[in-house]
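Read off the chains here:
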Number of protein chains: 2
Amino acid sequence: MRNPVQDYLEQIVEQCGAAGGEVAAYIPELAAADPDRFALCLATVDGQVYEVGQAEHRFSIQSISKPFTYALGLHDQGVETVARKVDVEPSGDAFNEISLAPGSGRPKNPMINAGAITATSLVAGDDEDDRFGRALDWFGAFAGRELEVDEGVYGSELATAHRNRAIAHMLREFEILEDDPEEVLRRYVRQCSIAVDTRDLALMAATLANGGRQPRTGRQLLEAHLVEHVLSVMTTCGMYDAAGDWVSAVGMPAKSGVSGGIIGVLPGQVGVAVFSPRLDAHGNSARGVALFERMSRDMEMHLMHVSRGSRSALRSSYSLQTARSRTRWQGADDEVLDRVAGRARVYELHGDLLFAGAESVARTVVEDAPEVAVFDLTQVNEIAQVSRVTLLALRDRLREAGSEAVAVDPAGVFPDPDAGTERASPIFPDLASAVEWCERELIRAHCGPRPEPDPVEDHPLMRDLEASAAEAVRAAMTRRVVPDGETVLEAGGPFSGVHLIVRGRAEALGTGPDGQSVTLVTMGPGTSFGELALGTDGEQQTTIRAVEELELLVLTAQDLARLADEDPVIGVQVWRAIARDGYRVADRALRRGAVRAR
Amino acid sequence: MRNPVQDYLEQIVEQCGAAGGEVAAYIPELAAADPDRFALCLATVDGQVYEVGQAEHRFSIQSISKPFTYALGLHDQGVETVARKVDVEPSGDAFNEISLAPGSGRPKNPMINAGAITATSLVAGDDEDDRFGRALDWFGAFAGRELEVDEGVYGSELATAHRNRAIAHMLREFEILEDDPEEVLRRYVRQCSIAVDTRDLALMAATLANGGRQPRTGRQLLEAHLVEHVLSVMTTCGMYDAAGDWVSAVGMPAKSGVSGGIIGVLPGQVGVAVFSPRLDAHGNSARGVALFERMSRDMEMHLMHVSRGSRSALRSSYSLQTARSRTRWQGADDEVLDRVAGRARVYELHGDLLFAGAESVARTVVEDAPEVAVFDLTQVNEIAQVSRVTLLALRDRLREAGSEAVAVDPAGVFPDPDAGTERASPIFPDLASAVEWCERELIRAHCGPRPEPDPVEDHPLMRDLEASAAEAVRAAMTRRVVPDGETVLEAGGPFSGVHLIVRGRAEALGTGPDGQSVTLVTMGPGTSFGELALGTDGEQQTTIRAVEELELLVLTAQDLARLADEDPVIGVQVWRAIARDGYRVADRALRRGAVRAR
């Protein structure tokens, strides 16, 4: 089966066919490029690379080096130091304008030659070789493979670098460059001569799209806040004097090079690279510009594209009344819950919790004023700082109102939840245990004085029996004590009777959709297990394990059969009671399904 | 309970206290402004407005009019015509620079005075009054209330508008303005003199954040693609010669005015406005800039902020093996499904289906190569065009491979799904019915030749009985025919026995979390209902309704009791069979819960 994304890319390449324009001719190596050579690569932030055309044809990186050199400067020296040397303002000028600020001599931005030469001077290292070696390694780390310099291009470029030499010396005059301008110039030109292919460029762009982490090697190369900085400058200054047009028509951070490459970054999604050596009047690849315009339109890559997604952080909210836990509470507790479960509410959040999302969650919770609020963060990818602060403040407001907030956070997307408070916030690994905790809290808060229920007498199964039948069942049952952690029933075994829990707790383990072990039910005193095997041709489907020391009263399958044989009238009663309890379980599970599957 | 968002805003206002700078003094009305007046308003895209300070204090809008005038020009004339008159390149110059392109005289962008005067000339209308009236209505529509001109400001501004008058005449000289420059100048100055408060500005910004739809009135004022255009220009040119710094430090489209206002737009989330009349060296509100920098950092408002969310379009995927429908199939069909249900897979998508999301879905489906693919779009907010195309292509590829794709799309986020094909794509209102359809398809495709099962003999309840007991039950049952649409059992009634479906279909209706009627189970021949009431103290919880003409065999509660009384040995068998079937239902429902609640 063919991948439709590959088909789409091939289709647009065909539709955005040969464009006009001329190959750069100021050095023989560039002039010799085949004008009709072409490649388009797209790399996702998880490292999938799509290729159309000659993706592995090599060419010199030229000005596409600039954002990566700037990134290395920021990485080595920090934002403050770099900002003193080079500004971030669009110049409105062509790429080779000197564009130095009057007085200070500070270049307007690092995407023009003067700014890029300055950024090159900010790369740390012991000497020329060390500094260049670090830059080459840096570029290679973004591409995910070792890169080399095209020495032919380097020689030609250096021999004709009159304008850049003038710029370097002018920068030295203003003390923007502090050392030998010739050394900086050589490194700058060597950087521009690094040989890359279109696939390399797509992965370099994807590393920026991925917040500075190389998608294939997984290495975090550049801190995320510095990535924002680099992308900002690419947005306003990356396409020379066509930057404004580019932002309007394409709307993504980009950088072009005179050898015919353009990279574009769609933050959080993909890096794209095009190679086509014919250049337009601005010095940008003509076919590359056409393809980016097309992709931006089709793929809604425009940064200003308003999507509705950021608003809907609240996937759903519902009261515990309609979504009780899988815990089987004994009768009296169950009745309390039937009355007050509506005072606890679950808020299922999802996606990225950005400001607008946190705001709508806060507003909803303030309106609901629940007695217990469960924030289910299972489907949350990331929590913005402001959302974190908002949720912590919301917890404090809830506590002031005498309520409680708990979170379900299996992936730890909300670290250090107790910041700013001395009282620990309950955090649960799954919704089931959070809901169970809420039910326990509600029972504790609302149960009032009443006799402690008897875990055996008050079990639904026993309550349904007449006195004589109950007496017969009690006489037939055997007592069993199971240590904490031990398995009581093994999945795959036969139906082994009804197990009433007198003391302690047990869990039923099943297999989830990905084969992992899943806790299906947690059970405490007054509840029972083992009967479910009746529903699967007498085969025990779940493993039952003690999670505390367990005291059980067991009516074995044999005892049950004997009981019914000896007195069928009692047998009818017992089996009717078992049937009722079975449908009780079924009813709860079906209701829960109706709420969750919305 | 206080809203923590309100608290947060009050807190940052306190922390970003009085800033330096001077009030604009070129006309008496601005010079007279209280330098310490302050307001911050934040409006969400669903129309909630938070206010701190003097949110209803009025002042003249000044240059914050520019993006809205530009928007009206785009709305009236279209992108092409406007682009011929005014460029979109950052000028790198101060706000009052003439910045006309050499030769053409075209202003660099619509956020500087020359460009805004040009945009004013592009507003359609019969005469000066009509044109200005349209602009005033336009601004008012964004604010959501009728606005007025501050005539004092207008008089002063017009009297001192020497530079702008020079610009207007220069534009006329270049034929960028085609009519009377004085008429355009008057309208331009009047627009700048419209009185607004900070709340108005926040709602105007929120309208841009909301894709051109006013959050409170719901009116779509500006087409979404033109909104992108306006926001692009605000990003690169909105903050005068501090635009690059602004993009790096704040990273959101914005516009400032000399009266002390700044608006910022966070696409899809909020519009923000600050008012504080002290200006910095660039002519931007000093405290406003400080607050925006703070909010951008805290709220991760930066456009380049890489969030992980856009990647995870695939919420989960699982085979039907682990998530069967709530339909009860008769025994033989059930066995077929047990064998082949794994060949159908459900793909639950969520959020905004952007390119990267669609790509990962396509890749996963191509790898799985399922026999039936269910795309559950219930939690999808929006589908980008490229994702739509990708999903349609994926459907075609699946069909080529002999497979089928169906969608669950209750909200119609995927309109016209049959585009480009003659074969209708099955679309379902809920996952349950899609899964049921898949199961039916799988049974049809894989059941092979076998005797038609008997809906009564092969019912699990009957199969579990010995011959004599089965005979007794058959003799005790009564036949009943129920017309299509008629209610068989009413919720709230008593346990009325076991109802075996011989022919036709029935549904069980319950109440969902919001009180709405929800189909809990759909049942066909060979299945039964009524037993669930056993689990709820003998009270029927769901209403059972025929969805086709139904033929039933009913073992009433009375007949069942009589049967057990007359022959308790048979009674034990019957109740054991009922118990087993109850646990069968419970087991299925619990398993489904375990998959869904992930």
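In the annotation of an unreviewed UniProt entry, chain A is listed under the name Glutaminase and assigned to Serinicoccus chungangensis. Comment text from UniProt for chain A, heading Sequence similarities (unreviewed entry), reads "Belongs to the glutaminase family." The record in UniProt for chain A states the following under Catalytic activity (unreviewed entry): "L-glutamine + H2O = L-glutamate + NH4(+)".

Novice: Got a sec to walk through the sheet that holds strand β11 (residues 314-319) of chain B? Specific residues and values, please.
Specialist: Hydrogen bonds along the backbone pair up the strands of a sheet, which may run parallel or antiparallel. All names here are of chain B. Strand order in the open sheet made by the 5 strands is β11-β12-β13-β14-β15, with mixed pairing throughout. Looking at which strands have only one partner, the edges of the open sheet turn out to be β11 and β15 (427-428). Two strands pair when backbone bridges link them, and β11 and strand β12 (residues 344-353) are joined in this way by 5 bridges, in the antiparallel orientation. Its bridge partner lying in β12, serine 316 is registered against glutamate 348. Relative to the sheet, helix α16 (residues 431-446) contacts β11, β12, β13 (372-383), β14 (404-408) and β15, its axis offset from that of β13 by approximately 165°.

Novice: Quick rundown of the domain arrangement of chain A? Include the residues and the values.
Specialist: Annotation of chain A at the domain level lists domain 1 (4-299), domain 2 (314-446) and domain 3 (460-596). Averaged C-alpha coordinates put domain 1 of chain A and domain 2 of chain A at centres separated by 47 Å.

Novice: Go over helix α7 (residues 162-173) of chain A with me, naming the residues and quoting the values.
Specialist: Residue and element names in this part refer to chain A. With 12 residues, α7 ought to run about 16 Å at 1.5 Å a step, and its terminal C-alpha atoms sit 16 Å apart, in line with that. Taken as a whole, α7 has its buried residues at Asn164, Ile167, Ala168 and Leu171. Buried residues along α7 cover an arc of 100° about the axis, so they all sit on one side. Turned more than 90 degrees off the buried face of α7, the exposed positions are His162 and Glu173. Buried residues in α7 make contact with α4 (113-121) and α8 (181-192). Just past α7, the residue glutamate 175 takes up positive phi, approximately 60°.

Novice: Lay out the environment of serine 496 of chain B in plain terms, naming residues and giving numbers.
Specialist: Residues and elements named next belong to chain B. Secondary-structure assignment places serine 496 in the loop between β17 (487-489) and β18 (498-503). With a relative accessible area of 21%, serine 496 lands in the partly exposed category. Along the sequence, serine 496 and glutamine 558 sit 62 residues apart, while their C-alpha atoms lie 8.1 Å from each other. Residues contacting serine 496, with those up to four places away along its chain left out, are Leu489, Val554, Leu555, Thr556 and Ala557.

Novice: Which residues make up the interface of chain A and chain B, and what values go with them?
Specialist: At the junction of the two partners, chain A supplies 120 residues and chain B supplies 120 residues. Together chain A and chain B conceal approximately 11000 Å² of surface at their shared face, both sides included; 63% is due to carbon and sulfur atoms. Taken as a group, Met1, Met304 and Tyr583 of chain A account for 8% of the area that chain A buries against chain B, more than any other trio of residues on that side. Connecting chain A to chain B are 4 salt bridges. Among the ionic pairs, aspartate 46 of chain A bridges to arginine 363 of chain B, the shortest N-O distance being 3.0 Å. Applying the counting rule to chain A against chain B returns 13 residue pairs in polar contact (both at pLDDT 80 or more). Here the side of chain A that touches chain B is composed, by residue class, of 54 nonpolar, 35 polar and 31 charged.

Novice: Just give me the short version of the confidence of the model for chain A, but keep the residues and values in it.
Specialist: Chain-level statistics for chain A give a pLDDT mean of 87 and a share of 93% at 70 or above. Confidence estimates for the predicted assembly give a pTM of 0.73 and an ipTM of 0.71.

Novice: Could you give an account of the nonpolar core, naming the residues involved and the relevant values?
Specialist: Grouped together as the largest cluster of nonpolar side chains are 71 residues, with contacts concentrated most on Phe68, Tyr70, Ile194, Leu201, Leu208 and Leu222 of chain B. Leave out the neighbours within four places in its chain, and tyrosine 70 of chain B touches Val82, Val86, Val88, Pro110, Met111, Ala119, His229, Val230 and Val233 of chain B.

Novice: Outline the packing of helix α1 (residues 4-15) of chain B against helix α12 (residues 286-299) of chain B, supporting the account with residue identities and numerical values.
Specialist: All names here are of chain B. Axis separation between α1 and α12 bottoms out at 10 Å; the angle between their running directions is 130°. The angle between the axes of α1 and α12 places the two elements in the oblique class. α1 and α12 meet at a crossing whose hand is right-handed. Between α1 and α12, the residues in contact are Tyr8, Leu9, Gln11, Ile12, Val13 and Gln15 and Arg287, Leu291, Arg294, Met295, Asp298 and Met299, respectively. When the residues that make up the contact of α1 with α12 are grouped by side-chain class, the tally is 7 nonpolar, 2 polar and 3 charged.

Novice: Talk me through the side chain of threonine 236 of chain B; I want residue IDs and the actual numbers.
Specialist: Mapping threonine 236 of chain B onto the fold places it in helix α10 (residues 224-237). Overall, threonine 236 of chain B belongs to the buried group, its relative accessible area being 1%. Among residues more than four places away in sequence, those in contact with threonine 236 of chain B are Thr236 and Val247 of chain A together with Val88, Pro90 and Ala243 of chain B.

Novice: Could you give me a rundown of the relation of the copies chain A and chain B, with the residues and numbers involved?
Specialist: Expressed as a screw operation, the relation of chain A to chain B combines 0.1 Å of axial shift with a rotation of 180°, fitting to an RMSD of 0.6 Å. On the angle and the small slide along the axis, the relation comes out as a two-fold axis. With an isologous cut-off of 70% or more, the 99% of interface residues of chain A that recur at the interface of chain B puts this contact in the isologous class.

Novice: Quick rundown of the environment of alanine 476 of chain B? Include the residues and the values.
Specialist: Along the chain, alanine 476 of chain B falls in helix α18 (residues 467-476). A relative accessible area of 10% places alanine 476 of chain B in the buried class.

Novice: Tell me what's going on with the sheet that holds strand β6 (residues 194-197) of chain B, and back it up with residues and numbers.
Specialist: Residues and elements named next belong to chain B. Pairing within the open sheet is antiparallel, and its 3 strands lie in the order β4-β6-β5. A single partner strand is all that each edge strand has here, and the edge strands are β4 (58-60) and β5 (148-149). Relative to β6, β5 runs antiparallel, the two being bridged by 2 bridges. Pairing of valine 149 across the sheet is with isoleucine 194, part of β6.

Novice: Please set out the pairing of strand β23 (residues 550-555) of chain B residue by residue, giving values where relevant.
Specialist: Residues and elements named next belong to chain B. With 6 of 6 residues buried, β23 lies mostly within the body of the structure. Along β23, one buried face is formed by Leu550, Leu552 and Val554 and the opposite face, lined by Glu551, Leu553 and Leu555, is buried too. Sheet topology note: the β18/β23 ladder contains 5 bridges and is antiparallel. In the sheet register, histidine 499 faces β23, and the bridge partner there is valine 554.

Novice: Please set out the pattern of salt bridges residue by residue, giving values where relevant.
Specialist: Evaluated as defined, the whole model comprises 64 salt bridges over all chains. Two residues, glutamate 400 of chain A and arginine 397 of chain A, come together in a salt bridge whose shortest N-O distance is 3.7 Å. Remark: arginine 397 of chain A and glutamate 400 of chain A occur in helix α15 (residues 385-400); sequence separation between them is 3 residues, near one turn of the helix. By relative accessible area, which is 62% here, glutamate 400 of chain A ends up exposed. With its nearest N and O atoms 2.1 Å apart, the salt bridge here joins arginine 479 of chain B to glutamate 551 of chain B. Of this pair, arginine 479 of chain B sits in strand β16 (residues 478-482) while glutamate 551 of chain B sits in strand β23, and the two are 72 residues apart along the sequence. Three or more residues are tied together by salt bridges with common partners; here these are Glu436, Arg440, Arg505 and Glu548 of chain A.

Novice: Let's hear about the packing of α4 of chain A against α7 of chain A: which residues, and what values?
Specialist: Residues and elements named next belong to chain A. Close contact between α4 and α7 brings their axes to 10 Å; oriented N to C, the two are set at 60°. Judged by the sense of rotation from one axis to the other, the crossing of α4 with α7 is right-handed. Where α4 approaches α7, its residues Asn113, Ala114, Ile117 and Thr118 are matched on the opposing element by Asn164, Ile167, Ala168 and Leu171. For the contact of α4 with α7, the per-class residue count stands at 5 nonpolar, 3 polar and no charged.

Novice: Now, about the side chain of aspartate 409 of chain A: what can you tell me, with residues and values included?
Specialist: All names here are of chain A. Structurally, aspartate 409 is set in the loop between β14 (404-408) and β15 (427-428). Here aspartate 409 sits buried without a salt bridge, and the closest side chain of opposite charge, arginine 388, lies 8.0 Å off (N-O distance). A distance of 2.9 Å separates a polar side-chain atom of aspartate 409 from the backbone nitrogen of phenylalanine 414. Beyond its immediate stretch of four places on either side in the chain, aspartate 409 contacts Leu377, Phe414, Ile427 and Phe428.

Novice: Outline α12 of chain B, listing residues and values.
Specialist: Residue and element names in this part refer to chain B. In this model α12 runs 20 Å from its N-terminal to its C-terminal C-alpha over 14 residues, within 8% of the 20 Å that 1.5 Å per residue would give. Most of α12 is tucked away: 11 of the 14 residues are buried. Buried residues of α12: Ala286, Arg287, Gly288, Val289, Leu291, Phe292, Arg294, Met295, Ser296, Asp298 and Met299, and no others. For α12, the N-terminal cap is serine 285; the gap from its side-chain oxygen to the backbone nitrogen of glycine 288 is 3.1 Å.

Novice: So what's going on with the packing of aromatic side chains? Residues and values would help.
Specialist: Residue and element names in this part refer to chain A. A complete count under the given rule lists 14 aromatic pairs over all chains for this structure. On the basis of an interplanar angle of 10° and a centroid distance of 3.9 Å, the ring pair of phenylalanine 59 and phenylalanine 275 is categorised as stacked. Taken as a pair, phenylalanine 59 in strand β4 (residues 58-60) and phenylalanine 275 in strand β9 (residues 270-275) lie far apart in primary sequence, 216 residues in all. Phenylalanine 275 carries the same exposure label as phenylalanine 59, and that label is buried. The interplanar angle of 65° and the centroid separation of 5.1 Å between the aromatic rings of phenylalanine 68 and phenylalanine 142 together place this pair among those described as edge-to-face. One end of the pair, phenylalanine 68, is in helix α3 (residues 65-85); the other, phenylalanine 142, is in helix α5 (residues 128-143), with 74 residues separating them in the sequence. The pair formed by phenylalanine 68 and phenylalanine 142 is uniform in burial state, with each residue classed as buried. In textbook terms, an aromatic cluster arises when at least three aromatic residues are bridged by ring pairs, as seen for Phe68, Trp138, Phe139 and Phe142. The residue whose ring lies beneath arginine 190 is phenylalanine 132, and the NZ or CZ to ring-centre distance is 4.6 Å.

Rules and cut-offs
- Residues numbered from 1 in each chain as written.
- Chains lettered and ligands numbered in written order.
- Predicted model: local features only at pLDDT ≥ 70, side-chain atom pairs only at ≥ 80, totals over all residues.
- Heavy atoms only, no water.
- UniProt positions renumbered as here; feature names shortened; annotations may be inferred.
- Pairing = 2+ DSSP bridges.
- Helix = DSSP H or I, 4+ residues; strand = E, 2+ residues; numbered from the N terminus.
- Contact = heavy atoms within 4.5 Å.
- Axes fitted to C-alpha atoms, helices over the stretch in contact; angles between N-to-C directions.
- Domains from an automatic or database assignment.
- Expected span 1.5 Å × (residues − 1).
- Buried < 20%, exposed > 50% of the residue type's maximum accessible area, 1.4 Å probe, protein only.
- Arc of directions from axis to C-beta.
- Buried area = accessible area lost by both parts, 1.4 Å probe.
- Salt bridge = Lys/Arg side-chain N within 4 Å of Asp/Glu carboxyl O.
- Polar contact = N/O pair within 3.5 Å; in protein donor to acceptor, adjacent residues only side chain to side chain.
- Nonpolar A, V, L, I, M, F, W, Y, C, P; charged D, E, K, R; others polar.
- pLDDT = per-residue confidence, 0-100.
- Core = buried A, V, L, I, M, F, W, Y, C linked by side-chain atoms within 4.5 Å.
- Parallel < 35°, antiparallel > 145°, perpendicular 65-115°, else oblique.
- Left-handed = near helix turned anticlockwise from the far one by under 90°.
- Least-squares fit on C-alpha atoms with pLDDT ≥ 70 in both.
- Lys, Arg positive; Asp, Glu negative; His and termini not counted.
- Phe/Tyr/Trp six-rings, centres within 6.5 Å; stacked < 30°, edge-to-face > 60°.
- Lys NZ or Arg CZ within 6 Å of the ring centre and 35° of its normal.

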